Amino acid sequence: MTDTLFEQLGGTYTQQGDYLLPNLALPAEKETGNIGVWALRHKRYVTEQLKAADQMAWVRRMNNTRSRATEIVVKEINCI
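Just so it is clear, the structure is predicted and the values come from calculations on it, not from any experiment.

Undergrad: Talk me through the overall build of the protein chain; I want residue IDs and the actual numbers.
TA: Along the backbone of the protein chain there are four helices and two strands. For the protein chain, the N- to C-terminal ordering of α and β elements is α-β-β-α-α-α. Its C-alpha atoms give the protein chain a radius of gyration of 22 Å, more than 25% over the compact-globule value 12 Å for 80 residues. Based on the C-alpha atoms only, the size of the protein chain along its principal axes is roughly 60 × 40 × 35 Å. Here the protein chain holds 80 residues, and the buried ones make up 5% of them. A separation of at least 24 residues holds for 0% of the contacts in the protein chain among residues at least 6 apart in sequence. Of the roughly 7,900 Å² of accessible surface on the protein chain, 58% is carried by carbon and sulfur atoms.

Undergrad: Give a detailed account of the layout of surface pockets, specifying residues and quantitative values.
TA: Taken as a whole, the largest pocket spans an internal volume of roughly 200 Å³. Looking at the largest pocket, the residues that line it are W38, R41, H42, Y45, V46, M62, T65 and R68. When residues of the lining of the largest pocket are assigned to their parent elements, the largest contribution, four residues, is made by helix 2 (residues 37–45).

Undergrad: Give me the lowdown on the pairing of strand 2 (residues 19–22), citing residues and values where you can.
TA: Both strand 1 (residues 13–16) and strand 2 contribute to a ladder of four bridges, which runs antiparallel. Across the sheet, residue T14 finds its bridge partner in strand 2, namely L21.

Undergrad: So what's going on with the packing of aromatic side chains? Which residues, and what values?
TA: Enumeration according to the criterion identifies one aromatic pair in this entry. Taking 5.2 Å as the distance between ring centres and 65° as the angle between the ring planes, the aromatic pair formed by F6 and Y13 counts as edge-to-face. The aromatic ring of W58 is capped on one face by K51, whose charged end is 4.5 Å from the ring centroid.

Undergrad: Go over the pattern of salt bridges, please, and point to the residues and values.
TA: Summed over all chains, the structure comprises one salt bridge. In this structure, K51 engages E48 in a salt bridge whose closest nitrogen and oxygen atoms are separated by 3.7 Å. Here E48 and K51 lie together in helix 3 (residues 48–53), a separation of three residues that amounts to about one turn. A relative accessible area of 30% places K51 in the partly exposed class. Taking the relative accessible area as the measure of exposure, E48 reaches 58% and is therefore exposed.

Rules and cut-offs
Residues numbered from 1 in each chain as written. Predicted model: local features only at pLDDT ≥ 70, side-chain atom pairs only at ≥ 80, totals over all residues. Heavy atoms only, no water. Helix = DSSP H or I, 4+ residues; strand = E, 2+ residues; numbered from the N terminus. Rg over C-alpha atoms; globule rule 2.2 N^0.38 Å. Buried < 20%, exposed > 50% of the residue type's maximum accessible area, 1.4 Å probe, protein only. Contact = heavy atoms within 4.5 Å. Areas by Shrake-Rupley, 256 points an atom, 1.4 Å probe, with all protein chains shown as cover. 1 Å grid on protein atoms, 1.4 Å probe; cavity = no way out; pocket = protein on both sides within 12 Å on 5 of 7 lines; lining within 4 Å. Points joined across faces, edges and corners; volume = space filled by probe spheres on them. Pairing = 2+ DSSP bridges. Phe/Tyr/Trp six-rings, centres within 6.5 Å; stacked < 30°, edge-to-face > 60°. Lys NZ or Arg CZ within 6 Å of the ring centre and 35° of its normal. Salt bridge = Lys/Arg side-chain N within 4 Å of Asp/Glu carboxyl O.

Structure representation (structure tokens):
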């Protein structure tokens, strides 16, 4: 039986029941440069720690973000 391209490139499979699943792994992340002001704000605004520590605060922040985004989109659509 001929190897698949994945196997020819060094890939391996694991048997899970009747299926062969490829063993995939992500490469180590490289240090990113400047990710921008909005990405930084998003990164520090809501974290999994907040979700675990205070779910209601997390829900309030998510609802606030969604309603602000909806308000902006509706305003933009109505101006066109």
